[in-house]
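Results of the structural survey
As a plain string of letters, each chain reads:
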Amino acid sequence: MKLKPEEVTSIIQKELEKYQTRLKVDSIGTVIQVGDTIARIYGLDDVMMGELVEFNENIHGMVLNLEEESVGVVIFGTDNPDRYIREGDRVKRTGKIAQVPVGEAMVGRVVNALGKPIDGKGPVETTKFRPIESEAANVIQRQPVNQPLATGIKAIDAMTPIGRGQRELIIGDRQTGKTAIAIDTIINQKDKNVYCIYVAIGQKLSSVVTLAETLRKHGAMDYTTIVSASSRASASLQYLAPYAGCAIAEELAYAGKDVLIIYDDLSKHAQAYRQLSLLLRRPPGREAYPGDIFYLHSRLLERAVKLSNELGGGSITALPIIETQAGDITSYIPTNVISITDGQIFLENNLFYAGIRPAISIGLSVSRVGGKAQIKAMRQVAGKLRLDLAQYRELAAFTQFGTELDKNTQAQLNRGERMVELLKQDQFNPLPFYQQVMIIYCGTKGHLDDIPVTAIKKFEAGLFKFIEEQKPDIKNELFAKNILSDELIIKLDEAIGKFKEAFKTQQKI
């Protein structure tokens, strides 16, 4: 077979016409300094703040400092990632802002600060990603807080209620029950269509495992995501964790869902950021924190929102946790976060060690928004509760001097003592709102004044059982109407009186 030259020429010409040049341009920099999960890179002139860059060995980092001659990058990884990186290594731009996988596939999973699963259940099946940093919803996109988020804890739901879309700070010394309140609140969201995200920052891995087991045991992992940056994770991942958790929450909220997010705790988050800032040679300010430490938490907590109905009406309720030293709420980070949030639940050492748990300080705890979202029945029974308890505390302190008391003062002390006992609650035992309303009604209306303090817990358990079994119509009406009508109050008084007689006989009071 003979090939004609003109045929060969036409074939080559066609092939040349098909050929397109595909040029790929990469922006490449060079590592000039590395150590302590921080790298300084020369040559990335057009890189963005917060952009991901790629090192060798498929290790990534995020740009955190833009300087005249170089850029400062925090390296991601849990186990000394900077040991794989050397001076002179090449670094490549990715063109992507740091982002995490999001969506309902994340529910029930335990992930790290980059959204990668660490629970051994395989990869997260989702194609959705969201930037870890995003702008908070503006005024037009929000609506006022108008729905309660029940914690199941009597002292909180009655005196410092939380609304969906609120930011309520939990603050106190270590080992005073801050995390216990957060866990009880998560457990109480069962069957309430509220997704929960728990962000563990700088905690021991064993604590995170215990927490996951506790939630699983109470059936709460079915609607909860745990984002963990443990104490062995690098400062860069601890810095990233709350923003990653918030991005996961935002995806659900903008889909019309209600979300509760707990940051445990922001003191360790601030310390991780201080470490990164000092390594990046940013100028230190008060307590060696960088100048933008307030902005660190304000841009995170401002993302908590109750969205307008046009945007689906979803919400993100934030419960940040702050650890104080020796009860000092006037130090730098606590005052910063108090000024950002819509109220705080302050836990006192003295109360905790006296056996009053949850150890909530009446005087220093406040909710600036939640009262508007409080159930009307609870407002009816708990309206004067805070004032009565504050007066009781003052009287109790005064009577330590051995003063003789008149009948009214003695009666006030007796009732205050019973109310304090009434508000005590065991961990992992959140109560539905109708039970809270009934038992607080008993206390405020004087039904417990002739019951010994030591018998209050038994009385409470017995009353709940009695109403459930013999007077279900009271519970059903409370559920349906969320209000104590005159007729319902008469029914409730009769039921309490009937049970009380039987209880006194049984307990030989």
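Above this text is the structure in question.
Presented here is an overview of the structure given in this document. All figures in this text were calculated on a predicted structure; none of them were measured in a lab. (Residues numbered from 1 in each chain as written. Predicted model: local features only at pLDDT ≥ 70, side-chain atom pairs only at ≥ 80, totals over all residues. Heavy atoms only, no water.)

**Some remarks on the layout of surface pockets**
In this structure, the largest pocket occupies an estimated 910 Å³ of space. Gln175, Gly177, Lys178, Thr179 and Ala180 are, among the 32 residues lining the largest pocket, the residues nearest its centre. Breaking the lining of the largest pocket down by element, the ones donating at least two residues are helix H3 (178–187) and helix H4 (205–217). Counting residues per element, the lining of the largest pocket draws most heavily on H3, at six residues. In terms of residue class, the lining of the largest pocket is made up of 11 nonpolar, 11 polar and 10 charged. Reported here for the second largest pocket is a volume of approximately 630 Å³. For the second largest pocket, the lining is made up of 29 residues, of which Leu52, His60, Phe76, Leu114 and Lys116 are closest to its centre. (1 Å grid on protein atoms, 1.4 Å probe; cavity = no way out; pocket = protein on both sides within 12 Å on 5 of 7 lines; lining within 4 Å. Points joined across faces, edges and corners; volume = space filled by probe spheres on them. Helix = DSSP H or I, 4+ residues; strand = E, 2+ residues; numbered from the N terminus. Nonpolar A, V, L, I, M, F, W, Y, C, P; charged D, E, K, R; others polar.)

**What to know about helix H15 (residues 472–481)**
Taken together, the buried positions of H15 are occupied by Ile474, Lys475, Glu477 and Leu478. Across the axial projection of H15, the buried residues extend over an arc of 165 degrees, all falling on one side. Close packing links the buried residues of H15 with helix H10 (376–382), helix H13 (433–444), helix H14 (456–470) and helix H16 (486–507). One or two positions beyond H15, positive phi appears at Asn482, with a value near 55 degrees. (Buried < 20%, exposed > 50% of the residue type's maximum accessible area, 1.4 Å probe, protein only. Arc of directions from axis to C-beta. Contact = heavy atoms within 4.5 Å.)

**Side note on the pairing of strand S16 (residues 343–347)**
Burial analysis of S16 places five of its five residues in the buried class, which makes it a mostly covered element. Alternating residues of S16 divide into Gly343, Ile345 and Leu347 and Gln344 and Phe346, and every residue in both groups is buried. Two strands pair when backbone bridges link them, and strand S10 (residues 169–172) and S16 are joined in this way by four bridges, in the parallel orientation. Following the sheet pairing, Gly172 is matched in S16 by Leu347. Inspection of the sheet shows S16 paired to strand S17 (residues 366–367) by two bridges, in the antiparallel sense. If you follow Gln344 over to S17, its bridge partner there is Val366. (Pairing = 2+ DSSP bridges.)

**What to know about the nonpolar core**
In terms of nonpolar packing, the biggest core is built from 79 residues, with Ile186, Leu215, Ile226, Leu385, Phe459 and Leu484 touching the most fellow members. Beyond its immediate stretch of four places on either side in the chain, Ile186 contacts Cys196, Tyr198, Leu215, Ala220, Tyr223, Thr224, Leu260 and Ile262. By size, the runner-up hydrophobic cluster in this structure holds 64 residues, among which are Ile171, Leu237, Ala249 and Ile316. (Core = buried A, V, L, I, M, F, W, Y, C linked by side-chain atoms within 4.5 Å.)

**Regarding the pairing of strand S1 (residues 28–35)**
In terms of strand pairing, S1 meets strand S6 (residues 90–97) through three bridges, oriented antiparallel. Residue pairing in the sheet places Ile28 in a bridge with Lys92 of S6. With five bridges joining them, S1 and strand S2 (residues 38–42) adopt antiparallel strand pairing. Bridging across to S2, Val31 finds its partner in Ile41. In textbook terms, the turn of a hairpin is the stretch between consecutive antiparallel strands, and for S1 and S2 this stretch comprises two residues, one of which, Asp36, has a positive phi near 55 degrees.

**What to know about the packing of helix H11 (residues 385–399) against helix H12 (residues 407–422)**
Taken N-terminus to C-terminus, the directions of H11 and H12 make an angle of 115 degrees; their axes are 9 Å apart at the nearest point. In this structure, H11 meets H12 at a crossing whose hand is left-handed. Across from Leu385, Leu389, Gln391, Tyr392, Arg393, Leu395, Ala396 and Thr399 in H11, the residues of H12 making contact are Thr409, Gln412, Leu413, Gly416, Glu417, Met419 and Val420. Considered class by class, the residues forming the contact of H11 with H12 number eight nonpolar, five polar and two charged. (Axes fitted to C-alpha atoms, helices over the stretch in contact; angles between N-to-C directions. Left-handed = near helix turned anticlockwise from the far one by under 90°.)

**Here's the deal with the environment of Val437**
Position of Val437 among the secondary structure elements: in helix H13. Along the backbone, Val437 and Asn56 are 381 residues apart, and their C-alpha atoms lie at a distance of 61 Å. Beyond its immediate stretch of four places on either side in the chain, Val437 contacts Ala377, Met378, Val381, Leu478 and Leu484.

**Concerning H3**
Along H3, nine of the 10 residues are buried, which leaves the element largely enclosed by surrounding structure. Three or more residues of H3 are buried, namely Lys178, Ala180, Ile181, Ala182, Ile183, Asp184, Thr185, Ile186 and Ile187.

**A short note on empty space enclosed by the protein**
By the definition in use, this model includes two cavities of 30 Å³ or more. In this structure, the largest cavity occupies an estimated 120 Å³ of space. Forming the walls of the largest cavity are Pro148, Leu149, Ala150, Asp157, Pro161, Ile162, Ala373, Gln374, Ile375, Met378, Phe433 and Val437. Counted by class, the lining of the largest cavity contains 10 nonpolar, one polar and one charged residues. In terms of lining, the second largest cavity is formed by Ala155, Met159, Ile356, Pro358, Ile360, Ile362, Arg393, Val420, Leu423 and Lys424. In terms of residue class, the lining of the second largest cavity is made up of eight nonpolar, no polar and two charged.

**Structural notes on the sheet that holds S1**
Read around the closed barrel, six strands run S1-S2-S5-S4-S3-S6, paired in antiparallel fashion. Mean inter-strand twist for the sheet, computed between neighbouring axes without regard to direction, equals 45 degrees. By the bridge criterion, three bridges tie strand S3 (residues 51–54) to strand S4 (residues 60–66) in an arrangement that is antiparallel. Its bridge partner lying in S4, Val53 is registered against Gly61.

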